[in-house]
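Coordinate inspection notes
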Amino acid sequence: MKSDKRSLHRQTLIIIMLLVLPFNILTAFLGGIMLTNAMESAELTVQSSLNSQMDNLDMRIQNTIYFLYDYPANHVSYINFLKQPRDWHYTFYRSLTVNELRDDLSLSTAAQYMFLYVESRDDLIIMNEEPYIRNESKLLLSEDDVLSRINDKTISDSRWHLVSIQDLPFLIMITQKEGVYLGACICMAEAVSEAAASLEYDNVSIYASVSPNADTSSGIHCFAKSSKTNVYLCCDIPQNEIIGGMAFIHRGIIYLVILSFLIFPILSFFFNRYVNAPLANIRNAFAELEKGNDDYRITAVTNLSEFSDTYDSFNRMAEKLKELLLETIQKEQQRQQLVVDNLQLQLNYLQLQIRPHFLHNNMNLLYTLIQNNQTDAAQSLVLYLSDYFRYMFRKGHDRALFDHEMKLIREYLDISRLHYPDAFTFSCQIDPLLSHVRIPPLLLHGFVENIIQHALVPDHTVHIIIYGEYEDGIVTIQIADDGIGMNEEDTALINSGDFSSSPEGSHVGIKNAVLRLKHFYGEKSSITVESEPDSGTIFTITIPYNLTEVSDDEFINGE
């Protein structure tokens, strides 16, 4: 029997050798083919990535060309901006032109940067769609960067040119007509970065060039040419970067196969019996816990004390986790209730801050109207205050429909027009979808009231404009006026969102508006301001809002 066992063992080893040796020979033979295929596959991958980036770049170039030649002929604000003398009309149309350019730029897949230069007025406007990020800081084109290219007559010829700006490659195109330069910049570094990110290589060189720079002596060289201009996106990868690790892996596979031929039968038997089976029990137990089966316990028996202790430890841990989970759920419920209660208290306090301030202003106005024997105006103001407080203390919703807010604003302006005749005009452009949007009550009312109280200019008619739109789940509301404007310090403070440094009692209204937006809509909501002294102010309110959650009844009834 002993001799038979040895003979069987010897035959088993021979059979394994006959199975393994041909595999090793085949592996060595296929190694060369594998390395060749790896080079070809890498070249196809790189070429595909470059072509994809170049297609995106060509689309940007095409859209930009259309924009540069279409915009001057079809935008009234731009035409009026060039016709106006340098006064507040010029500033007003300049602001409208900037906003239209920025909106068009953000809505189209065109250049990241646009600029407009009026030579006779030495007025340069630079707009960016999405600044290229480098070293965690935003790269913005400076005026010197743009003016130096405008003054370079070899570039300002209505063609695309590859230039270096702040050590980054840019495609730039400048058109010129009667002293007005309209141009665009496309940052090639974005395409280079995205192409490099799509490749699984560390030592790779991707760059933009005006020639293919073909050099295949030490690896692969691929390039993609733009169909719109004479620019190439090139990539160089050394051969060692592609196949260096594969050769090592190939040798390692051969060694592992030989080693497995020597020890595989014994290790496989003992490993499966004494290690793999107990580990499988533990793995299955953890999988059951991940599925939410808190009552699962290991009931298998093993002769090894280590795994037996592990089974017992797992069962104790599962029991403890079940207790901790129940305790955590209870504590989380208590914490969430405390957060809700605290937020409600903060919101109530903010509303109390708003009401006395508004009431004080209107009581002063009512007193003035009565003192001047303006009985009809005083009666209208009393009726307006009645509607106002009915609106404030309504029940059923903590937010009001946008149309209700606009109705109250129009009533307020009618009252204010009695006290300040010919001091202001009001117009609005509202997306019909905003009729179904709910906002915190008196959010917009406070901004309009602030214009009447602080922005009116003697012997000048101030234009008040409210613009609202809904697009891609975002509500954008702008309240604009061409009144006295704000100083740079107040503008910077509001845009920072940090009012900790402002004196106590100042900026209460805007601070409360910011806090209320954050409470109802989260950190993605914002309030920003653009203002210049004696030129006017534009407040922009951005609110994330999902109209798909509005019920059919609300759409039908306007509630």
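Anything mentioned here points back to the structure above.
**Considerations on a nonpolar patch on the surface**
- A surface patch of nonpolar side chains, amounting to about 320 Å² of accessible area, comprises F286, M317, L321 and L324.
- Structurally, L324 is set in helix α7 (residues 305-371).

**Brief notes about helix α3 (residues 88-107)**
- Spanning 20 residues, α3 covers 28 Å between terminal C-alpha atoms, matching the ideal 28 Å at 1.5 Å per step.
- Put simply, D87 is the residue that caps the front of α3, since its side-chain oxygen is 3.0 Å from the backbone nitrogen of H89.

**Description of unusual backbone geometry**
- One non-glycine residue, D122, lies in positive phi territory at about 50 degrees.
- Here D122 lies in the loop between β1 (113-118) and β2 (123-128).
- In this structure, E178 is a non-glycine residue whose phi angle is positive, near 55 degrees.
- With respect to the helices, strands and loops of the structure, E178 is situated in the loop between β6 (168-177) and β7 (180-187).

**As for a negative patch on the surface**
- Where like charges cluster on the molecular surface, the negative patch consists of E119, D122, E143 and D144.
- Given a relative accessible area of 55%, D122 falls into the exposed group.

**A word on the pairing of strand β9 (residues 220-225)**
- Bridge count for β9 against strand β10 (residues 232-237) is six bridges, and the pairing is antiparallel. When the sheet's bridge partners are listed, A224 is paired in β10 with L233.
- Hairpin connection from β9 to β10: six residues lie between these consecutive antiparallel strands.

**Notes on helix α9 (residues 402-419)**
- Given a rise of 1.5 Å per residue, 18 residues ought to cover 26 Å, and the 26 Å separating the end C-alpha atoms of α9 matches this to within 8%.
- All buried positions along α9 are accounted for by F402, E405, M406, L408, I409, E411, Y412, L413, I415 and S416.

**A closer look at the sheet that holds strand β14 (residues 462-471)**
- Pairing within the open sheet is mixed, and its five strands lie in the order β12-β14-β15-β17-β16. The open sheet has two edge strands with one neighbour each: β12 (424-430) and β16 (526-532). With direction set aside, neighbouring strand axes in the sheet form an average angle of 10 degrees.
- Pairing analysis gives eight bridges linking strand β15 (residues 474-481) to strand β17 (residues 536-544), with the strands arranged antiparallel. Opposite Q478, over in β17, you have T540 as the bridge partner.
- In the packing of helix α10 (residues 443-454) onto the sheet, contacts are made with β12, β14, β15, β16 and β17, and the angle to β15 comes to roughly 15 degrees.
- Packing against the sheet, helix α12 (residues 508-521) makes contact with β16 and β17, and its axis sits at approximately 150 degrees to β16.

**A short note on the packing of α9 against α10**
- The N-to-C vectors of α9 and α10 enclose an angle of 20 degrees; their axes lie 9 Å apart at closest approach. Taken together, the axes of α9 and α10 are roughly parallel relative to one another. Read as a crossing pair, α9 and α10 show a hand that is right-handed. In this structure, α9 contributes F402, E405, L408, I409, Y412, L413 and S416 to the contact, and α10 contributes L443, L444, H445, V448, E449, I452 and Q453.

**What to know about the sheet that holds β2**
- With antiparallel pairing, the five strands of this open sheet are ordered in space as β2-β1-β7-β6-β5. Edge positions in the sheet fall to β2 and β5 (160-165), since each has one partner strand and no second. The sheet shows a mean angle of 25 degrees between the axes of neighbouring strands, taken without regard to direction.
- In this structure, β6 lies alongside β7, joined through eight bridges in antiparallel fashion. Within β7, the position partnered with I172 by the bridge is C185.

What counts and what doesn't
- Residues numbered from 1 in each chain as written.
- Predicted model: local features only at pLDDT ≥ 70, side-chain atom pairs only at ≥ 80, totals over all residues.
- Heavy atoms only, no water.
- Patch = residues over 30% accessible without salt bridge, like charges linked within 9 Å, V, L, I, M, F, W, Y side chains within 5 Å.
- Areas by Shrake-Rupley, 256 points an atom, 1.4 Å probe, with all protein chains shown as cover.
- Salt bridge = Lys/Arg side-chain N within 4 Å of Asp/Glu carboxyl O.
- Helix = DSSP H or I, 4+ residues; strand = E, 2+ residues; numbered from the N terminus.
- Expected span 1.5 Å × (residues − 1).
- Polar contact = N/O pair within 3.5 Å; in protein donor to acceptor, adjacent residues only side chain to side chain.
- Lys, Arg positive; Asp, Glu negative; His and termini not counted.
- Charge placed at Lys NZ, Arg CZ, Asp CG, Glu CD.
- Buried < 20%, exposed > 50% of the residue type's maximum accessible area, 1.4 Å probe, protein only.
- Pairing = 2+ DSSP bridges.
- Axes fitted to C-alpha atoms, helices over the stretch in contact; angles between N-to-C directions.
- Contact = heavy atoms within 4.5 Å.
- Parallel < 35°, antiparallel > 145°, perpendicular 65-115°, else oblique.
- Left-handed = near helix turned anticlockwise from the far one by under 90°.

On their own, these measurements won't tell you what the molecule is for.
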